[in-house]
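Observations on the three-dimensional arrangement
So the chains spell out like this:
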Amino acid sequence: MEARTEARIVQLPTNEVRVDGDRVVIERLVLRDASIAARLADRPAEDRPEIVERALRIGLLALQDAGVTVNVDIVRTEFEKLVRQSEQVNVRAAEALDQTLRANFADGDGRLPRTLEKFLGDRGALREYVGELFDETKRDSAIGRMRTLLGTYFDGDASRLAVLLDPTRANSPMHQFRVEIGREFDRLNERLTAIEAAAAARGAERAKSSAKGADFEDLLEAMLADLVRGSGDLVDRTGGEAGDLMRSKKGDFVVTVNPLNAGGADLRVVIEAKDRPMSGRAMRDELREAKENRTAAVGLVVFTPAHAPAGIAPFDVRAGDVYCVIDPAAPEPATLEAALRLARLLAVASLRDVTAEIDADSIRSALAAIRAELDAIKGMKATLTSIATSSASVQGCLDRLREAILAKVAEAETEIRLGVAS
């Protein structure tokens with residue numbers, strides 16, 4: 001070590017090293033190193049400045065690379081140290097987090113399960129609280145208090161609701177209501193009794209007067225209006241008007257036949273509504289007067305069942321006029337329709353100009369068939385009266401017979417129309 005010569009740069013007091021742009025200027029530099037001096041002494045004198053310059057450049061570059069290498073090593077060392085410290089910190093943090101999670105959330109021993117079990121478990125505080133709140137056996141529980149409160153208001157005759165709704169208690173609101181309702185019912189009963197008495201008196205009087213007949217006439221007016229609708233016939237209520245005879249009001253209704261079906265003639269059917277008993281002679285005389293009073297060709301009389309002559313229900317032809325029965329309680333439009341169409345047929349057949357053109361045999365056979373159907377209906381009516389168990393089947397037979405009657409009437413009308421048209 002002692003034999004090795006250490007190279008040193010001896011700086012004189014006046015030594016100066018400056019950097020001028022891209023140049024490094026060194027003045028009065030002395031380097032003391034025996035081996036370097038001996039090596040440089042072996043070189044020619046003219047090469048020595050270039051060698052020294054090259055040696056200085058190489059030295060400065062080596063120092064620069066050595067500094068960078070040192071800095072990279074330091075950074076690598078510090079980074080590896082930081083990584084090791086981070087790993088250690090992460091391990092300690094993971095262990096601490098695991099312990100914390102286990103302490104708070106572990107099954108059985110964790111704080112959260114213990115807390116949930118304490119409040120929500122089978123023996124938890126919530127179950128105990130709810131059990132006490134809704135325990136029916138405890139009077140101080142919510143259910144017990146509600147039961148006591150509801151019992152006070154609703155349970156038994158002594159409850160407040162029973163007291164309030166008891167109409168027999170003088171101080172209850174329902175008592176006054178009961179008194180007022182009873183008073184109003186008494187008044188209503190008195191009024192109903194008076195109305196019933198008046199109605200009974202009017203009914204008795206109506207049975208003896210024309211008022212009952214007026215109600216029956218109202219019913220017939222409505223039924224006749226429905227029957228003539230669309231046929232071209234006209235129906236007029238004439239019971240309150242005087243006719244051709246002096247001061248005579250006979251003839252409750254007049255049906256004027258459509259001139260197209262009567263060969264242009266003014267042809268009428270007079271209708272009498274009867275809701276009172278009359279003999280056969282009196283009825284024939286009244287129909288004769290009614291036809292004369294209303295200038296009608298045929299008369300149609302409509303009875304109620306209580307006052308109809310025997311043997312005409314539901315309708316019949318007698319002395320050239322039509323008789324029928326209509327029950328005001330259960331009116332049968334088909335019966336009145338058949339009777340009216342039959343009366344219209346007889347009226348058209350009575351025209352002198354048409355008589356020569358009509359096939360009398362066809363008309364006669366149609367009327368005979370109608371009378372046969374009428375007889376069958378009468379028999380069915382008797383059967384209905386005697387055999388209650390067969391009423392449904394007999395009623396069906398009646399409906400079929402009624403349709404057959406209307407068909408026969410239609411055939412007769414067709415014959416008359418053909419005679420009129422020719």
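Everything below is about the structure printed above this text.
Right, let's walk through the structure included here. (Residues numbered from 1 in each chain as written. Predicted model: local features only at pLDDT ≥ 70, side-chain atom pairs only at ≥ 80, totals over all residues. Heavy atoms only, no water.)

Right, let's talk about the overall build of the protein chain for a bit. Scanning the protein chain from terminus to terminus reveals 13 helices and eight strands. Buried residues in the protein chain amount to 24% of all 422 residues. In the protein chain, 47% of the contacts between residues at least 6 apart in sequence involve partners at least 24 apart. Roughly 28400 Å² of accessible area belongs to the protein chain as shown, and the carbon and sulfur atoms make up 55% of that amount. (Helix = DSSP H or I, 4+ residues; strand = E, 2+ residues; numbered from the N terminus. Buried < 20%, exposed > 50% of the residue type's maximum accessible area, 1.4 Å probe, protein only. Contact = heavy atoms within 4.5 Å. Areas by Shrake-Rupley, 256 points an atom, 1.4 Å probe, with all protein chains shown as cover.)

With that settled, the discussion passes to the sheet that holds strand β3 (residues 234–237). In spatial order, the strands read β3-β4-β5-β6-β8-β7; together these six strands make up an open sheet with mixed pairing. On the outer flanks of this sheet lie β3 and β7 (315–318), each paired with one strand and no other. Neighbour to neighbour, the strand axes of the sheet diverge by 20° on average, direction disregarded. Pairing analysis gives four bridges linking strand β6 (residues 298–303) to strand β8 (residues 321–325), with the strands arranged parallel. The partner of Phe 303 across the bridge, within β8, is Val 325. Contacts between helix α9 (residues 280–294) and the sheet are confined to β4 (253–256), β5 (268–274), β6 and β8, with β5 contributing the most and set at about 140° to the helix. (Pairing = 2+ DSSP bridges. Axes fitted to C-alpha atoms, helices over the stretch in contact; angles between N-to-C directions.)

Take the packing of aromatic side chains next. Summed over all chains, the structure comprises one aromatic pair. On the basis of an interplanar angle of 15° and a centroid distance of 6.3 Å, the ring pair of Phe 303 and Tyr 323 is categorised as stacked. Of this pair, Phe 303 sits in strand β6 while Tyr 323 sits in strand β8, and the two are 20 residues apart along the sequence. A relative accessible area of 0% means that Phe 303 is categorised as buried. (Phe/Tyr/Trp six-rings, centres within 6.5 Å; stacked < 30°, edge-to-face > 60°.)

Glancing now at a nonpolar patch on the surface. Together, Leu 97, Leu 101, Phe 105, Leu 112, Leu 116, Phe 119, Leu 120, Leu 126, Tyr 129 and Val 130 make up a nonpolar patch on the protein surface, roughly 960 Å² of accessible area in all. When contributions to the nonpolar patch are tallied by element, the ones reaching two or more residues are α2 (48–105), α3 (111–120) and α4 (125–133). As for its position among the elements, Val 130 is in helix α4. The partly exposed category is assigned to Val 130, whose relative accessible area is 36%. (Patch = residues over 30% accessible without salt bridge, like charges linked within 9 Å, V, L, I, M, F, W, Y side chains within 5 Å. Salt bridge = Lys/Arg side-chain N within 4 Å of Asp/Glu carboxyl O.)

All told, the structure shown has 18 salt bridges when counted by the stated rule. With a closest N to O distance of 3.1 Å, Lys 291 and Asp 321 form a salt bridge. A residue pair is termed long-range when its members are at least 10 positions apart, and Lys 291 in helix α9 and Asp 321 in strand β8 qualify at 30 residues. Across the pair, Asp 321 and Lys 291 agree in class, each one buried.

What follows concerns the pairing of β5. Across the seven residues that make up β5, a large majority, six, are buried. As judged from the four bridges shared by β4 and β5, these two strands associate in the antiparallel manner. By the bridge assignment for β5, Val 255 is matched with Val 269. When β5 meets β6, the two strands line up parallel, connected through six bridges. Each residue of the ladder has a partner; that of Lys 274, found in β6, is Phe 303.

Next up on the list: the side chain of Asp 321. Relative accessible area serves as the criterion here: at 6%, Asp 321 is assigned to the buried category. At 3.1 Å, the side chain of Asp 321 and the side chain of Lys 291 are in polar contact. Once residues within four sequence positions are removed from consideration, Asp 321 is found in contact with Leu 287, Lys 291, Val 298, Gly 299 and Asp 316. (Polar contact = N/O pair within 3.5 Å; in protein donor to acceptor, adjacent residues only side chain to side chain.)

This part covers the packing of α3 against α4. Angle between the axes and distance between the axes: these two values describe a pair of packed helices. Running from N to C, α3 and α4 cross one another at 10°; their axes reach a closest spacing of 3 Å. One way to sum up the angle between α3 and α4 is to call them roughly parallel. Here Lys 118, Phe 119 and Leu 120 of α3 come into contact with α4, specifically with Ala 125, Leu 126 and Arg 127. Here the residues of the contact of α3 with α4 sort into four nonpolar, no polar and two charged. (Parallel < 35°, antiparallel > 145°, perpendicular 65-115°, else oblique. Nonpolar A, V, L, I, M, F, W, Y, C, P; charged D, E, K, R; others polar.)

The values are spatial; any link to function lies outside them.
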